[in-house]
Amino acid sequence: MPAPAVDPRLLRAFLAVAEELHFTRAATRLYVAQQALSRDIRRLERELGTELFVRTTRQVTLTPEGERLLPYARRVLDAQDELLAAFGQARPLLADLNSPGLATGRRVLHRARALVPDLELMARYESGLTYAAAEVLAGRLDASFGRFAGLPPALRAGLDQQPVRYEPMALLLPEDHRLASLEAVPLSALAGETVYAGAGNPRTPEWTDLAHRLFDGRDIRVAPPVPLAVGDEEFQRIMARTGHPILAVVDFPALPGTVRRPLVDPVPLSPVSLVWRQGLTHPGLDALRRASAEVAAAEGWLRRPVDGWIPAKDAEVMRARN
């Protein structure tokens, strides 16, 4: 008698609950009612003849059998996605662009959409690569952009990357700041200043680390943590209260009441890579990788300036072309 087949829909339900450990969040993620999700989990448990979750009024955890199923479920669903993609039925690809104000990921995504107009490539905005990388590993995102060398080794171990850009760094200065009248700000002119670089933001420690490396030995301080602001309006309000210059990149839009000035002597570079989960197969990822290479070549994004500054470990990562 043949063994019963497991419906991939039930495995997607299982994977969502296993990753969220919360039925309501998992149901929201799958766009289904919580009751329907619970029914699917119970059906999968009946078909496999085992309990997959321990449910209490306060938490949801995986049973040992649930832990054992998890890698198999991921492999089956990845294979299904690959099969559907081969016949033009790929699921939407979710690409994190960090922030709506950053141009690098947005330009790559626009080019990728032009390359594969029949696919759905959807933008997400998760603020920083450290947070987005964890979401990529969990399967809630497919790709992101940012400083790969700034990720913890445990995150990097499950990811692949493709260098995209050496992005020159800049400052957002209050309009009345002593350096606002300059067309470009030499790093030496920042001696004695305190500069905001996202300290305390759990989503962006890779950016704060880059700032510390840049400012080390130059008598420039990284501003202490401020209340974590959600949304452009709140961020602008908090930054206006502190009056600190903000470390940014040259394409970042100036905030109201600020001017953007490039940093020079040397030109500090923010290394940007396209990052995705190892083993991911999706035509949208293929399009993103091709678009990254095309835009980088057309714009000279991977030509490092003679006077460019970058940490040694970042330079090594950016030379590793996948």
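One structure accompanies this document, and this report is about it. (Residues numbered from 1 in each chain as written. Predicted model: local features only at pLDDT ≥ 70, side-chain atom pairs only at ≥ 80, totals over all residues. Heavy atoms only, no water.)

### A look at the layout of surface pockets
To keep it simple, the criterion reads: The way it works is a 1 Å grid over only the protein atoms, where trapped points that fit a 1.4 Å probe form a cavity and open points with protein on both sides within 12 Å along at least five of seven lines form a pocket, and then any residue with an atom within 4 Å of a point lines it. Grid points are joined across faces, edges and corners, and a volume is the space filled by probe spheres set on the points. By definition, any uninterrupted DSSP run of H or I lasting at least four residues is a helix, any uninterrupted run of E lasting at least two residues is a strand, and each is numbered from the N terminus. Each residue gets one label: Ala, Val, Leu, Ile, Met, Phe, Trp, Tyr, Cys and Pro are nonpolar, Asp, Glu, Lys and Arg are charged, and the others, such as Gly, are polar.
Estimates place the volume of the second largest pocket at around 1000 Å³. Forming the boundary of the second largest pocket are 34 residues, of which Arg-29, Arg-91, Leu-94, Gly-139 and Arg-140 lie nearest the centre. The set of elements that each furnish at least two residues to the lining of the second largest pocket consists of α1 (8-20), α2 (23-30), α4 (64-86), β4 (121-124) and α6 (129-137). The biggest single contributor to the lining of the second largest pocket is α4, with 6 residues. Considering only residue class, the lining of the second largest pocket consists of 14 nonpolar, 5 polar and 15 charged.

### Details of α2
Condition: Buried, partly exposed and exposed residues are distinguished by accessible area as a fraction of the type maximum, computed with a 1.4 Å probe on protein chains only: under 20%, between the cut-offs, and over 50%, respectively. Arc, as used here, means the arc of the directions from the helix axis to the C-beta atoms. Whether two residues are in contact is decided by their heavy atoms: any pair within 4.5 Å suffices.
Listing the buried residues of α2 in full gives Phe-23, Ala-26 and Ala-27. Projected down its long axis, α2 carries its buried residues within an arc of 100 degrees, all on one side. Buried residues belonging to α2 abut α1, α3 (34-48), β1 (53-55) and β2 (60-62).

### Observations concerning the environment of Asp-209
So the rule is basically this: Here a polar contact is recorded for every N or O atom pair within 3.5 Å, except that within protein the pair must consist of a potential hydrogen donor and a potential acceptor, and residues adjacent in sequence are included only if both atoms are side-chain atoms.
Position of Asp-209 among the secondary structure elements: in helix α8 (residues 205-215). Sequence spacing of Asp-209 and Ala-133 is 76 residues, and the spatial spacing of their C-alpha atoms is 16 Å. Within polar-contact distance, the side chain of Asp-209 engages the side chain of Arg-213 at 2.8 Å.

### A word on α6
Think of an α-helix as turning once every 3.6 residues; residues three or four places apart then point the same way. What α6 keeps buried is the set Leu-129, Thr-130, Ala-132, Ala-133, Glu-135 and Val-136. Each element contacted by the buried residues of α6 is listed here: β3 (93-96), β5 (143-146), α7 (153-156), β6 (159-174), α8 and β12 (267-277). With its phi angle positive at about 85 degrees, Gly-139 sits one or two positions after the end of α6.

### Focus: the environment of Ser-38
Along the chain, the position of Ser-38 falls in helix α3. Residue classification places Ser-38 among the buried positions, given a relative accessible area of 17%. Along the sequence, Ser-38 and Phe-23 sit 15 residues apart, while their C-alpha atoms lie 7.6 Å from each other.

### Some thoughts on the packing of α2 against α3
Which entries qualify depends on this criterion: Geometry is summarised by axes, namely lines fitted to C-alpha atoms with helices restricted to the contacting stretch, and by angles between N-to-C directions that run from 0 to 180 degrees. Any angle from 65 to 115 degrees is called roughly perpendicular, while one under 35 is roughly parallel, one over 145 is roughly antiparallel, and all others are oblique.
Where α2 meets α3, the axes come as close as 9 Å, and the angle between the chain directions of the two elements is 100 degrees. Comparing their axes, α3 and α2 come out roughly perpendicular. The segment α2 lies against α3, with Phe-23, Thr-24, Ala-26, Ala-27 and Leu-30 engaging Gln-34, Leu-37, Ser-38 and Ile-41. The residue inventory of the contact of α2 with α3, partitioned by class, reads 6 nonpolar, 3 polar and no charged.

### Quick notes on the pattern of salt bridges
A side chain with one charge may pair with a side chain of the opposite charge, provided their charged atoms come close. As a reminder of what qualifies: Salt bridges are identified by distance alone: a Lys or Arg side-chain nitrogen within 4 Å of an Asp or Glu carboxyl oxygen.
What the rule picks out here adds up to 20 salt bridges. For Arg-140, the salt bridge identified is with Glu-20, shortest N-O distance 3.8 Å. Here the residue Arg-140 occupies a position in the loop between α6 and β5, and Glu-20 occupies one in helix α1, the gap between them amounting to 120 residues. Here Arg-140 falls in the partly exposed class, since its relative accessible area comes to 22%. On the basis of relative accessible area, Glu-20 is assigned to the buried category, the value being 16%.

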